[in-house]
Amino acid sequence: MILPWIIIILVIGGTLAWIAGRFGPHWPRWISLATLGIHFGFLLYLWIQNYSIFTLTTRSPWFALFDIPWISQIGISFSLGMDGLSLLLILLINLLGIMAVACSWNAIKDRVGFFHFNLMWILASITGVFLALDLFLFYFFWELMLVPLYFLIGIWGYENRIYATIKFFIFTQVSGLFMLLGILGLYFVHGANTGVYTFSYFQLLGTKLPQPLGFLLMLGMFLAFAVKLPVVPFHTWLPDAHTEAPTAGSVDLAGLVLKVGAYGMIRFLIPLFPKDSLSFAPIAMALGIIGILYGAIVAFGQTDLKRLIAYTSISHMGFVILGIFAWNTIALQGAIIIMIAHGISTSGLFIMVGDLMSRLHTRDFRRMGGLWSTLPRMGGAAMVFTLASLGLPGLGNFVGEFLVLLGVYRVSIPAAALATLGFIVATIYSLWIIQGAFHGRNTEGWKLQDMSSREAAIMTTLIAVILWLGIYPQTVLNTSLPAVEAMQKYAIETQQTIVSPQISPAQPLPIEGSITINTGGKP
Amino acid sequence: MLGLLWLIPVIPLIGFILLAIIGPRLSRTAVAIIGVGSVGISAILAILVAISFISSPPAGNAFTQTLWTWINVTNFNPGISFYLDSLSMIMVLVVTFVGFVIHLYSAEHMLHQEGYSRFFAYMNLFVGSMLILVLANNLLLLYLGWEGVGLCSYLLIGFWYTNPANGRAARKAFIVTRVGDAAMAIGLFLLFNNLATLNIQDVMQRAAQTWQIGSPLAVTAAALLLGGAVGKSAQLPLQTWLPDAMAGPSPVSALIHAATMVTAGVYLIARTHVLFSLAPSVQLAVAIVGAATLLLAGFSALTQWDIKRVLAYSTISQIGYMFLALGVGAWSAAIFHFMTHAFFKALLFLAAGVVIDAMNDEHNMFKMGGLRTQLPLTFWTFLIGSSALSALPLITSGFYSKDLILFDAYASPSGSTWLWLAGLVGAFLTSIYTFRMVFLTFFGKPKTKAVYQPGSRINLALIVLAAFALLIGFLETPSFLGNINVLGNFLSASLPATSILPQRAGSEGILELVSAVISLVGIYLAYLLFLRVPKTTEAMVQSPVGAVLHRYWFSGWGFDWLYDTVLVRPFVWMANSNKNDFIDLLYKGIIRLNEALHRVLSNTENGLVRWYATGIAIGAVIIIAIVVFL
C-alpha cells in the first residue's frame, strides 16, 4: 500500500498548493517544499531500509508491488511495482523537484498556486510512469505528464513559448500514439495466443509475436521513447522547449522528462521485444553516436546559453541509448549512472542560467563575458557542472560514460571508438560555456550580486550529489544491479519462448555477445 | 610509515578544498600557509615514506594501499588504490619536492596578483592530481589523475582570464591533450575487454602471458597509450599546445614543465613498459617520435624572442630525449633525465619569472640585456640551469642524464646510429638556443633597468633548485667516471635494466667526449652569433633562405596553421552554419505543407453555389464509380 501513496502524496500536495495560492504567494511554495521534503525523506527511508536486500545473492528485484483490478473487463489493473531502478529515478525526480521549487522561489510571481500545482502534478505523473507495471496505466501516466508541462511552459515561459509548447505537445502526442499502437498490438497478439487479454507487464513478457508485426510494434514503442529521450532526428522540440521554459520547466525537462524515454527502453522496449529490439540495436546505436556528435557540434554553434545546454543534453542522451542497446550489465549500469548524473549536472547548469538571467535579463552569450570577477561563486559552481558535462573523472557523468563505453566496446569496437570522440567535442562546448559567460572581458561592465544563500544551497546540494556519484557510485550501482539483471533475465526468457522451437538450449543464443548476466565481462 | 602513503596525494587535495571554499575570505598569509604548507607536508611525508621504503623494503619491493573500491560492476572493480614501487617513489619525491619549491616561490611571486587563493587552490589541485596519477595502482585511477592535471593546466594557463588570448591558450591545452586522452581511453577499453582487469601490474602480467610479441592487440594497445602520452607530453603530433601554455604565470609554467603534466606521458610509458616491449613497432615509433620532436622543437627554440617560449620549446625537445630513451628500452635513463630536467627546468622558469618581473612584464629577450650585474643571484642560478640544459660536461646533471640517453640510443639493441645522431644534433641545438637566451638576457649592454629585486623566498627557491641541478647528476655516472649506479639500481626493481650490445659497449668514452665537445662548441657558437657578431646573424635571418626557415621554425613548423585549417576552421564553420539545426527544416516543412493544404482546402469554401454543385456531382460520380467497380 506504500506505492500508491508515493503518487498520491504529490497529487494532494499539488492540489493543496493550488488552493493555498489564494492566501498568498508563500503558501504554495512552503506547501510544495514540505510535501516534497516529506516525500524525499520517506523515499530515503525506504532506500536505506531496503538497501541490505540489494547485496543479497538471492534477491527479487521488486521490493514493493501493488496490484488491484481497475477495468477488469478488458484486463486493465492498477499495478505498481518498485525496484532499484525506479527507486533511484524517483529519488532523482524528487530531489530535482525540490530544486525546481527552490529555484522558482522568487522567479515565479504570477499565479504561484497554479504553478506549483502543475509542478507537483508533473512529478506525480512521472512517478507514476516509473512505477506502473500495467501497460495501459503506463500509457495513462505517460500522457498525463504532458498536460501540466504544457501549462508550465505555456504560461510561465518566455517570448516564444506558445510555438514551443505546441511543438513539444505535438511531438510527444504523435509519438505517444505510436506507442499506444504498440501496446494494443501486443495486447491483442497476447490475447489471441493465450486467450488472456491483459495489459499486465509480467504476463505480456514472453509474448510470441509474428513477424513482421513484432518489429513494427517495437518500432512504434521505440519512436515514443526516442522522441522523449530525444534521439536525433526527433530532437528538435527539445531546444525550443528548453529555451522557452521557465527554469523549473527546464529542470523538469532535463532531469525528468528525458529520463522516462530511457526508462521505457530499459523496462519495456527490450524485455518485451528482445529479439526485434536487439536486431534493431545497430541502428539505435548508430543514432546514439550521431546524437553524441551532432548534438555537441550544434551546441557549440549556439549563442543562446539555454539552447546550448539543451543541445548538450541531446549529446549526453546519445550515450544513454548507446548503453541501453549494448544491453550488457556494464553498459546498462553506466546508462543508469548517466541518467542520474546528467539530471543533476544539467539541472545545475539550467539553474545557473536561470540565476544569470534574473540578473542580466538575457540569455545571449555575446553579451556576457568576464563575469567571474563579479560572480566568483556562481562561476565556481558553473565550472563544476561544465566539468561534469565534459566527463571529468571524479564527477558522476564520467563514471556513467566510461562504463557505457566499456560495455559498448564489447559489442562493437567502432561504436565505442566513435563515441569516445564525444569526450573531445564535449570538452570543446563545455569550455566554451565557461569562456563565453565567465572568462574573457566584461565588455558590458556587469556588476552583479553573487549567489544568495538560497542559490548557494541549491548549487551545493547538486555539487555534493555529483561528487558522490563520481567518487563512490557504488551505492547507486548496488541499488540498480538487481533491476538490471532482472531486465536482462526477462529479455532472455522472452527470447527463449520465441526461439525455443528452432534452437535447442545447448546452442548459444544468437545475441549472446550482447547479453551478459552475472558472469559479466569474461573476455 | 608506508601506511601514510595515502596522505601524500590527499593533503594537497585538502589544501585545494579549503582554499576553494574559504580561501577568498582568508588573508594572503593564511592562504600561503595552507597552499605552500600542504605541498610541504606532502613532501615531508614523501621523504618519510621513502626512508621507510628503502630501509625496510616491503615484500616484492612494492606496497599497495586500497582506500575503497571505486566502481564495482561484475568483474570491473577498480579501486581507489595506491601502488608504491621504486618508480612511483622517485616520481613522488620529485613531484612533491619540486612542487614545494615552486609553491614557495609563488607565495612571493604572486603576492600582488588578484586571485591569490584561487591560484594556490589550482596549484594544490595540480600537485594532488599528479600524485594520484603516479601513485595509481590501476589505469582508471591513473586516468583520473591524468585528466586532473589536464584540467589544472587549463585552469592555470587561463589564470588571467580577462584576456581572451589566455583563455584560448588554456582551451587549446585542454582540448589538444584530450585528443590524446580519448585515444588512451579506447586503449583502456581494449585492455579491460581483453585482459579483464585495469590493475597495472595485472595488466602487465596477463599481457605478457597471453600476447605474443608483435601481436595485433598488443600493438594496438601500446599505440593507443602512446596516443595519450604524446598528448600530455607535448610530442609530435600533439605538441602545439605547450608553447601557447606560456600564457599562464611563470610558476605555473615551471610546474607544468618540470614536476607535473608533461612528464606524465613519460611516466605512463615507463609504467606500462611491458606492453611496449610486446609491441616493438610501437616502441620504435616512440623512439622516432622522440627523435623527431627533439629536433623540430630545437630548431623552433632557436628563433623565438619570448624567453618563456624558448624554454617551452626546450621542454618539448627535452621530453623528446626521454621518449627517445623509452623507445630504445633505456627506461631508467628516461627517468634519470626526467629527474634532472625537473630541477633545472623548474629553475630556469622560476629565474625567467624573476627576469620578466624585473623587466616590468617584458618577455622579449631582445629588449633585455646586461642583467648580469643587476640581478646577480638570478643570473648565476639561471646560468647553472642553462649549463645543465646544455649538458655542460662534468659539472652539471644534464650532462650525465643526457649523455646516458645518447649512449643508450647508440648502443642498445633497438638503438641505431641515426637515433644517436639525431640526439647529438639536438644537443648541439640545445646549447646554441640556451646560451643565446643567456647572452641576450644577461650579457651585452643593459637596455632596460631592472625594476624589482627578488625577496628571500624566491632566492631560496632558486638556490635550492640550482644546487640540485648541479648535484643530482651524480646519482648515475658513466663507467669511466666513477661508475655510480644508485638510481639504476634503485629502479631495477620496477624497470628492467637497459641491455647494451657488447660490440658497442666500449664506445661510451668516445661518445661522451663527442657530446661534450658538441655542447661546448654550441655554447661558443651562441657566443659568436649573438654576442660577438649579432649583425651577421641578423643578415643570415634576413637572407631569402633564412627568412623562410625562420618563419617556419618560429611558427613551430606550421603545425598550428595545419590544424587550424584542417580541423578548427571546418569545425567552427560546421557549427556556425548549422546553428539553426537543419533537421528542424524537415519539421518546418511539414508545417508549411499543412499550411499549404489548409489554404488549398479553404479556397474550396468560397460561397459560390456552382462550385458546391460541381463538387457534389463529382463526389457522387466517384462514390458511384467505387461502388460499381469494386
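Since the structure is predicted, the reported quantities are computational estimates derived from the model, not experimental observations.

What about the side chain of S317 of chain B?
Residue and element names in this part refer to chain B.
Moving on, step 1. Checked against the element boundaries, S317 lands in helix α14 (residues 307–327).
Moving on, step 2. Residue S317 is classed as buried on the basis of its relative accessible area of 0%.
Moving on, step 3. Setting aside anything within four residues of it in sequence, one finds S317 in contact with T293, L294, A297, G298 and Y433.

A word on the nonpolar core
Moving on, step 1. Residues M82, F222 and F325 of chain A are the most contacted members of the largest nonpolar core, which totals 435 residues.
Moving on, step 2. Broken down by element, this core gets its largest block of residues, 21 residues, from helix α15 (residues 331–358) of chain B.
Moving on, step 3. Residues contacting M82 of chain A, with those up to four places away along its chain left out, are L3, I6, L43, L46, P61, W62, F63, A64, L87, I90 and L131 of chain A.

A look at the domain arrangement of chain B
Moving on, step 1. When cut into domains, chain B gives domain 1 (1–278), domain 2 (283–542), domain 3 (547–576) and domain 4 (580–629).
Moving on, step 2. The centre of domain 2 of chain B, based on its C-alpha atoms, is set 82 Å off from the matching centre of domain 4 of chain B.

Here's the deal with the interface of chain A and chain B
Moving on, step 1. Of the residues lining the interface, 63 residues belong to chain A; the matching set on chain B comes to 52 residues.
Moving on, step 2. In this assembly, chain A packs against chain B so that about 5,100 Å² is buried in total across both faces, 70% of it on carbon and sulfur atoms.
Moving on, step 3. Together, F402, Y409 and L431 of chain A form the three largest contributors to the area buried by chain A at its contact with chain B, with a combined 12%.
Moving on, step 4. Counting the contacts that link chain A with chain B gives one salt bridge.
Moving on, step 5. Of the charged contacts in the structure, one is a salt bridge between D584 of chain B and K167 of chain A, with a shortest N-O distance of 2.9 Å.
Moving on, step 6. Summed over the shared surface of chain A and chain B, the result is 21 residue pairs in polar contact (both at pLDDT 80 or more).
Moving on, step 7. For the side of chain A that touches chain B, the elements supplying multiple residues, two or more each, are α7 (161–194), α13 (281–300), α15 (329–360), α16 (376–389), α17 (396–411), α18 (413–437), α19 (453–471) and α20 (474–499) of chain A.

Some details on the packing of aromatic side chains
Moving on, step 1. Applying the stated rule across the entire model yields 73 aromatic pairs over all chains.
Moving on, step 2. Their ring planes at 75° and their centres at 5.4 Å tell us that W142 of chain A and F225 of chain A sit as a pair that is edge-to-face. Remark: F225 of chain A occurs in helix α9 (residues 213–228) and W142 of chain A occurs in helix α5 (residues 135–144); sequence separation between them is 83 residues. You'll find W142 of chain A and F225 of chain A in the same group, each marked buried.
Moving on, step 3. When the ring of Y187 of chain A is compared with that of F188 of chain A, the centres are 5.1 Å apart and the planes differ by 75°; the resulting orientation is edge-to-face.
Moving on, step 4. Of the aromatic side chains, those joined through ring pairs into one cluster are F66, W70, F78, F136, F140, F141, Y187, F188, Y197 and F199 of chain A.
Moving on, step 5. If you follow R178 of chain B out to its NZ or CZ, it ends over the ring of F423 of chain A, 5.5 Å from the centre.

Focus on α17 of chain A
Moving on, step 1. For α17 of chain A, spanning 16 residues, the distance from its first C-alpha to its last is 24 Å, which sits close to the expected 22 Å at 1.5 Å a residue.
Moving on, step 2. α17 of chain A sits mainly inside the fold: 14 of its 16 residues count as buried.

Quick look at the packing of α7 of chain A against helix α10 (residues 237–244) of chain A
How two helices pack is summed up by the angle between their axes together with the distance between the axes.
Residue and element names in this part refer to chain A.
Moving on, step 1. At a minimum axis separation of 9 Å, α7 and α10 run at an interaxial angle of 140°. With respect to their mutual orientation, α7 and α10 come out oblique. Remark: the crossing between α7 and α10 carries left-handed chirality. Where α7 abuts α10, its residues R161, Y163, A164, K167, F168 and F171 lie against W237, D240, A241 and E244.
Moving on, step 2. Considering only residue class, the contact of α7 with α10 consists of six nonpolar, no polar and four charged.

Focus: the confidence of the model for chain A
Moving on, step 1. Looking at chain A as a whole, its pLDDT mean stands at 85, while 93% of the residues score no less than 70.
Moving on, step 2. Here residues 499–523 of chain A scores under 50 on pLDDT; set against residues more than four positions off or in separate chains, the count is 35 contacts.

Observations concerning the packing of α9 of chain A against helix α11 (residues 247–272) of chain A
Residue and element names in this part refer to chain A.
Moving on, step 1. One way to put it is that α9 packs onto α11 with a least axis distance of 7 Å and a crossing angle of 160°. Classified by the interaxial angle, the pair formed by α9 and α11 is roughly antiparallel. Viewed along their axes, α9 and α11 form a crossing whose handedness is left-handed. Within the contact between the two elements, α9 uses M218, M221, F222, F225, A226 and K228 and α11 uses V257, L258, V260, G261, G264, M265, F268, L269 and L272.
Moving on, step 2. Among the residues forming the contact of α9 with α11, the class breakdown is 12 nonpolar, two polar and one charged.

What to know about the pattern of salt bridges
Moving on, step 1. Inspection of the entire model under this criterion finds 19 salt bridges over all chains.
Moving on, step 2. Among the salt bridges present, the one from R363 of chain A reaches E159 of chain A, with a minimum N-O distance of 3.9 Å. Taken together, the residues span a long stretch of sequence, with R363 of chain A in the loop between α15 and α16 and E159 of chain A in the loop between α6 (146–156) and α7 at a distance of 204 residues.
Moving on, step 3. A residue is classified by how much of its surface remains accessible, and E159 of chain A, at 64% relative accessible area, is exposed.
Moving on, step 4. For D584 of chain B, the salt bridge is made with K588 of chain B, and the minimal N-O distance between the two is 3.2 Å. Of the two residues, D584 of chain B and K588 of chain B are both situated in helix α27 (residues 583–604); the distance of four residues between them amounts to about one turn of the helix.

Re the pairing of strand β2 (residues 76–82) of chain A
Note on strand geometry: in a regular strand, side chains alternate between the two faces of the sheet.
Residues and elements named next belong to chain A.
Moving on, step 1. Within β2, six of the seven residues are buried, leaving the element largely enclosed by the surrounding structure.
Moving on, step 2. Relative to β2, strand β1 (residues 64–71) runs antiparallel, the two sharing seven bridges. The residue bridging I71 from the neighbouring strand is I76, located in β2.
Moving on, step 3. If you look at the hairpin formed by β1 and β2, you'll find four residues sitting between the two strands, and G75 has a positive phi there, around 75°.

Here we look at a nonpolar patch on the surface
Residues and elements named next belong to chain A.
Moving on, step 1. Taken together, the side chains of V147, Y150, F151, I162, I166, I170, V174, F178 and L181 make up a nonpolar region of the molecular surface, amounting to roughly 770 Å² of accessible area.
Moving on, step 2. When residues of the nonpolar patch are traced back to their parent elements, those giving at least two are α6 and α7.
Moving on, step 3. The element best represented in the nonpolar patch is α7, accounting for six residues.
Moving on, step 4. For F151, the position within the fold is in helix α6.

Conventions and cut-offs
In this numbering scheme, every chain counts its residues from 1 along its sequence in written order. Think of it this way: whatever chain is written first is A, whatever ligand is written first is 1, and the rest follow in order. Selection of residues for local features in this predicted model requires a pLDDT of at least 70, selection of side-chain atom pairs for listing and counting requires 80 or more, and totals for whole chains, interfaces and linings are taken over all residues. To obtain the side-chain values, all non-hydrogen atoms of the structure were used and water was disregarded. Under the scheme used here, helices are H or I runs from DSSP no shorter than 4 residues and strands are E runs no shorter than 2 residues, and both carry numbers assigned from the N terminus. For every residue, the accessible area obtained with a 1.4 Å probe (protein chains only) is divided by the maximum for its type, and the residue is called buried under 20%, exposed over 50%, and partly exposed between those limits. Any two residues whose heavy atoms approach within 4.5 Å at even a single point are treated as in contact. Grouping buried Ala, Val, Leu, Ile, Met, Phe, Trp, Tyr and Cys residues that are joined through side-chain atoms within 4.5 Å yields what is termed a nonpolar core. Domain start and end points were adopted from an automatic or database domain assignment. Each of two parts loses accessible area, computed with a 1.4 Å probe, when they are put together; buried area is these two losses added. By definition here, a salt bridge exists when the distance from a side-chain nitrogen of Lys or Arg to a carboxyl oxygen of Asp or Glu is within 4 Å. A 3.5 Å cut-off defines polar contacts: any pair of N or O atoms within that distance qualifies, except that in protein one atom must be a possible hydrogen donor and the other a possible acceptor, and neighbouring residues in sequence count only when both atoms are side-chain atoms. Pairing of aromatic side chains requires ring centres within 6.5 Å, counting the rings of Phe and Tyr and the six-membered ring of Trp. Pairs whose planes differ by under 30 degrees are stacked, by over 60 edge-to-face, and all others tilted. Note on criteria: charge over ring means Lys NZ or Arg CZ within 6 Å of the ring centre, with the direction from the centre no more than 35 degrees off the ring normal. Expected helix span is given by 1.5 Å per residue-to-residue step, counting one fewer step than there are residues. A fitted line through C-alpha atoms represents every axis, and for helices the fit uses only the stretch in contact; the resulting angles, taken between N-to-C directions, go from 0 to 180 degrees. By the definition adopted for this analysis, an angle is roughly parallel if under 35 degrees, roughly antiparallel if over 145, roughly perpendicular if from 65 to 115, and oblique otherwise. Each crossing is labelled by how the near helix is turned from the far one, with a counterclockwise turn of less than a right angle marking it left-handed and a clockwise turn marking it right-handed. Here the nonpolar group is Ala, Val, Leu, Ile, Met, Phe, Trp, Tyr, Cys and Pro; Asp, Glu, Lys and Arg are the charged ones; every other residue, Gly included, is treated as polar. Values of pLDDT, the confidence the predictor places in each residue, fall between 0 and 100. For two strands to be treated as a pair, DSSP must find at least two bridges joining them. Like-charged residues within 9 Å of one another, or nonpolar side chains (Val, Leu, Ile, Met, Phe, Trp, Tyr) within 5 Å, are grouped into patches, provided each residue has over 30% relative accessible area and no salt bridge. The accessible surface values rely on the Shrake-Rupley method and a 1.4 Å probe; as for residues, cover is taken only from the protein chains in view.

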